[in-house]
Amino acid sequence: MHALVHDRLVAPLDAGDHTDGRIGDTVLRIPVVESTNAMLIELGRGGATDGTVLIAADQVGGRGKGERSWFSRRGESLCVSVLLRRSPRRDFGQLTLVAAVAIHDAVARLGIETSIKWPNDILLGDRKVCGILAEAAASPEGEIEFVVLGFGLNVSIAADDFPPALRDIAGSLQQATHRPLGCDSVLDPCLSALSDWIAVWEEHGFAPVAEAWRRHSSTLGRRVVVADEREQRSGTAVRLAADGALVLRDDAGREHHIHSGDICNGRAPVGRPGPGE
Ligand SMILES: O=C(O)CCCC[C@@H]1SC[C@@H]2NC(=O)N[C@@H]21
């Protein structure tokens, strides 16, 4: 596997090189790729270091949650994946909430107010502007070797340029700025916020992350329908538990701790291929 480093083709990565790095110490850029997550998993198996970032100018087979696809447009979306060898061993499930808080903060630094929809979608108003997907690579013995954390951020996609199935539910950051916004101006704040929040999580545990998540949540206090692969539950989202689970109170007053899934409220989650896509 070869990669472009700062637009330069380099030799295959050395399989023995596993040292810990800071996020962004190594930044790989590629003009077009099927999926940055898939490619970085390959690079990780070949020995790419902790903190390696892979950025694609264009992604033609972007992966979303739950086997859905992820829509992006060349030069108008950020498609970024980050290789993590250390943090995931602590708690893989919390990582995507850490990432959601980080991206929320990065976007806020640009003066754009968004909210977090459980577990990790970033919304501008009620439109999704960012999705996060963490995928683990396991050894033949089943031990997690590393995690690839990917995020897709719609930076300047015009409303009419989304596929019809996404037009009412997806948005982009530029709809809040009303001035041109470039992907590169958003990338640095995202990587540095990600670095900062992962460091907070590693040093202080999940509590400060959960506290920030709750502050920025647009889910808590709302009636929601939550679906995972097996079932759907409806009720009120009452709180985020200390371990990152969503606590849902059903109509009989019972509380359910939900660790994974999507809030669907009758609509297909953003990213699901629609008719004609
Ligand atoms: O369904 C979601 O909300 C998650 C979408 C994640 C998309 C990003 S884009 C960069 C990275 N590479 C992928 O193939 N997917 C993630």
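- The chain has the name biotin--[biotin carboxyl-carrier protein] ligase in an unreviewed UniProt entry, where Rhodoplanes roseus is given as its organism.
- Of the chain, the UniProt comment under Catalytic activity (unreviewed entry) reads exactly: "biotin + L-lysyl-[protein] + ATP = N(6)-biotinyl-L-lysyl-[protein] + AMP + diphosphate + H(+)".

1. Focus on the overall build of the chain
Line of reasoning, step 1. Scanning the chain for helices and strands turns up 5 helices and 14 strands.
Line of reasoning, step 2. Counting the 277 residues in the chain, one finds 55% classified as buried.
Line of reasoning, step 3. Sequence separation of 24 or more characterises 65% of the internal contacts of the chain that already satisfy a separation of 6 or more.
Line of reasoning, step 4. Total accessible area on the chain stands at roughly 12,600 Å², and carbon and sulfur atoms take up 48% of it.

2. Let's talk about the site of the ligand
Line of reasoning, step 1. Taken together, 20 residues lie around the ligand, and S35, T36, R63, K65 and K128 are the ones closest in.
Line of reasoning, step 2. One nitrogen or oxygen atom from the main chain of K65 is found 2.7 Å from an oxygen atom belonging to the ligand.
Line of reasoning, step 3. Taking 410 Å² as the accessible area of the ligand by itself, protein coverage stands at 100%.
Line of reasoning, step 4. Mapped by element, the contributors of at least two residues to the shell around the ligand are α1 (36–45), β5 (77–84), β8 (127–138) and β9 (144–154).
Line of reasoning, step 5. The dominant element in the shell around the ligand, judged by the number of residues it contributes, is β8, at 4 residues.
Line of reasoning, step 6. Residue composition of the shell around the ligand, by class: 6 nonpolar, 10 polar and 4 charged.

3. A closer look at the domain arrangement of the chain
Line of reasoning, step 1. Taken domain by domain, the chain comprises domain 1 (3–217 + 269–276) and domain 2 (223–263).
Line of reasoning, step 2. Contacts between domain 1 and domain 2 engage 12 residues on the former and 13 residues on the latter.
Line of reasoning, step 3. Taking both partners together, domain 1 and domain 2 bury about 970 Å²; carbon and sulfur atoms supply 62% of that area.
Line of reasoning, step 4. Taken together, the links from domain 1 to domain 2 amount to 2 salt bridges.
Line of reasoning, step 5. A salt bridge links K65 to D262, with the shortest nitrogen-to-oxygen separation between them at 3.5 Å.
Line of reasoning, step 6. In this assembly, domain 1 and domain 2 are joined by 4 residue pairs in polar contact (both at pLDDT 80 or more).
Line of reasoning, step 7. The set of elements that each furnish at least two residues to the side of domain 1 that touches domain 2 consists of α2 (88–109) and α5 (207–216).
Line of reasoning, step 8. Per-element tally for the side of domain 1 that touches domain 2: the top contributor is α5, with 3 residues.

4. A short note on the sheet that holds strand β11 (residues 232–240)
Line of reasoning, step 1. Taken in spatial order, the 5 strands make up an open sheet running β13-β12-β11-β10-β14, and their pairing is antiparallel. Since the sheet does not close on itself, it has two edges, and those belong to β13 (255–258) and β14 (262–263), each with one partner.
Line of reasoning, step 2. Sheet analysis places strand β12 (residues 246–249) next to β13, joined by 4 bridges and oriented antiparallel. Pairing of L248 across the sheet is with H256, part of β13.

5. Overview of the pattern of salt bridges
Line of reasoning, step 1. Under the definition given, this model contains 19 salt bridges.
Line of reasoning, step 2. Across the pair D228 and R230 runs a salt bridge whose closest N-O atoms are separated by 3.4 Å.
Line of reasoning, step 3. Given a relative accessible area of 22%, D228 falls into the partly exposed group.
Line of reasoning, step 4. Salt bridges linked by common partners bring K65, R68, D121, K128 and D262 together as one network.

6. Topic: the side chain of S172
Line of reasoning, step 1. Position of S172 among the secondary structure elements: in the loop between β9 and α3 (174–177).
Line of reasoning, step 2. A polar atom in the side chain of S172 sits 2.7 Å from the backbone oxygen of I157.

7. Brief notes about the confidence of the model for the chain
The predicted coordinates ought not to be read in detail in places where the model reports low pLDDT.
Line of reasoning, step 1. When the pLDDT values of the chain are averaged, the result is 88; 87% of them are 70 or greater.
Line of reasoning, step 2. Residue range residues 1–19 is modelled with pLDDT below 50. Its contacts to residues more than four positions away, or to other chains, number 41 contacts.
Line of reasoning, step 3. Here residues 271–277 is a poorly scored stretch, pLDDT under 50, and it has 12 contacts once near neighbours within four places are set aside; other chains count.
Line of reasoning, step 4. Interface scoring of the predicted complex returns ipTM 0.99; its pTM is 0.89.

Rules behind the numbers
- Residues numbered from 1 in each chain as written.
- Predicted model: local features only at pLDDT ≥ 70, side-chain atom pairs only at ≥ 80, totals over all residues.
- Heavy atoms only, no water.
- UniProt positions renumbered as here; feature names shortened; annotations may be inferred.
- Helix = DSSP H or I, 4+ residues; strand = E, 2+ residues; numbered from the N terminus.
- Buried < 20%, exposed > 50% of the residue type's maximum accessible area, 1.4 Å probe, protein only.
- Contact = heavy atoms within 4.5 Å.
- Areas by Shrake-Rupley, 256 points an atom, 1.4 Å probe, with all protein chains shown as cover.
- Near = heavy atom within 4 Å.
- Polar contact = N/O pair within 3.5 Å; in protein donor to acceptor, adjacent residues only side chain to side chain.
- Nonpolar A, V, L, I, M, F, W, Y, C, P; charged D, E, K, R; others polar.
- Domains from an automatic or database assignment.
- Buried area = accessible area lost by both parts, 1.4 Å probe.
- Salt bridge = Lys/Arg side-chain N within 4 Å of Asp/Glu carboxyl O.
- Pairing = 2+ DSSP bridges.
- pLDDT = per-residue confidence, 0-100.

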